[in-house]
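Here is what each chain is made of, one letter per residue.
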Amino acid sequence: MLPTLYCITDSDGINACILDRVSGAVCGGVGMVQVREKGANDRAVVGLAKRLMLMLEGTDAILLINDRIDLAIAAGADGVHLSSDS
């Protein structure tokens, strides 16, 4: 079954606020989180995704990485969001 609420990160810089906001969103019923940090470097995206995966343990929420299969694999994410031109 597809989640009814979907959260997409898109910040000006990866910081602790993202974790708090995603945690609140998941507590509020979000079932899918997409990491879409276009301005961040690969290491920062993988680091964030790994922290989010730990945070999502024990929930039904899944984690997707935007456009980057290699980063999704490195982070152990549940999947990748691909656009029609990816």
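Bear in mind the structure is a predicted one, so any value in this text is a computation, not a measurement.

What counts as what
Residues numbered from 1 in each chain as written. Predicted model: local features only at pLDDT ≥ 70, side-chain atom pairs only at ≥ 80, totals over all residues. Heavy atoms only, no water. pLDDT = per-residue confidence, 0-100. Helix = DSSP H or I, 4+ residues; strand = E, 2+ residues; numbered from the N terminus. Pairing = 2+ DSSP bridges. Axes fitted to C-alpha atoms, helices over the stretch in contact; angles between N-to-C directions. Contact = heavy atoms within 4.5 Å. Polar contact = N/O pair within 3.5 Å; in protein donor to acceptor, adjacent residues only side chain to side chain. Buried < 20%, exposed > 50% of the residue type's maximum accessible area, 1.4 Å probe, protein only. Right-handed = clockwise from strand over helix to strand, strands pointing away.

A few points about the confidence of the model for the protein
Line of reasoning, step 1. Chain-level statistics for the protein give a pLDDT mean of 91 and a share of 97% at 70 or above.
Line of reasoning, step 2. Averaged over each element, pLDDT in the protein is lowest for helix α1 (residues 16–27) (90) and highest for helix α3 (residues 69–75) (98).

Overview of the sheet that holds strand β2 (residues 32–35)
Line of reasoning, step 1. One open sheet accounts for four strands, arranged β1-β2-β3-β4; its pairing is parallel. Every interior strand has two partners, whereas the edge strands, β1 (6–9) and β4 (79–81), have only one. The sheet shows a mean angle of 30° between the axes of neighbouring strands, direction not considered.
Line of reasoning, step 2. Sheet topology note: the β1/β2 ladder contains four bridges and is parallel. By the bridge assignment, Ile8 is partnered in β2 with Gln34.
Line of reasoning, step 3. Each of β1 and β2 is contacted by α1, which is oriented at about 175° to β1, the strand it contacts most.
Line of reasoning, step 4. Against the sheet, helix α2 (residues 42–56) touches β2 and β3 (62–66), its axis set at about 170° to β3.

Here we look at the side chain of Asn66
Line of reasoning, step 1. Tracing the sequence through the fold places Asn66 in strand β3.
Line of reasoning, step 2. Side-chain polar atoms of Asn66 contact the side chain of Gln34, separated by 2.6 Å.
Line of reasoning, step 3. Not counting residues up to four positions away in its chain, the partners in contact with Asn66 are Gln34, Val35, Arg36, Lys38 and His81.

A word on the pairing of β2
Line of reasoning, step 1. Side chains of β2 alternate between two faces, with Met32 and Gln34 and Val33 and Val35 buried alike.
Line of reasoning, step 2. In this sheet, β3 lies alongside β2 in parallel orientation, the contact comprising four bridges. Across the sheet, the residue bridging to Val33 is Leu63, located in β3.
Line of reasoning, step 3. The β-α-β motif built from β2, the intervening α2 and the parallel element β3 has right-handed crossover chirality.

Quick notes on the side chain of Thr9
Line of reasoning, step 1. Here Thr9 is to be found in strand β1.
Line of reasoning, step 2. A distance of 2.7 Å separates the side chain of Thr9 from the side chain of Glu37, its partner in a polar contact.
Line of reasoning, step 3. With residues up to four places along the chain from it excluded, the contact list for Thr9 reads Ile18, Val22, Val33, Gln34, Val35, Arg36 and Glu37.

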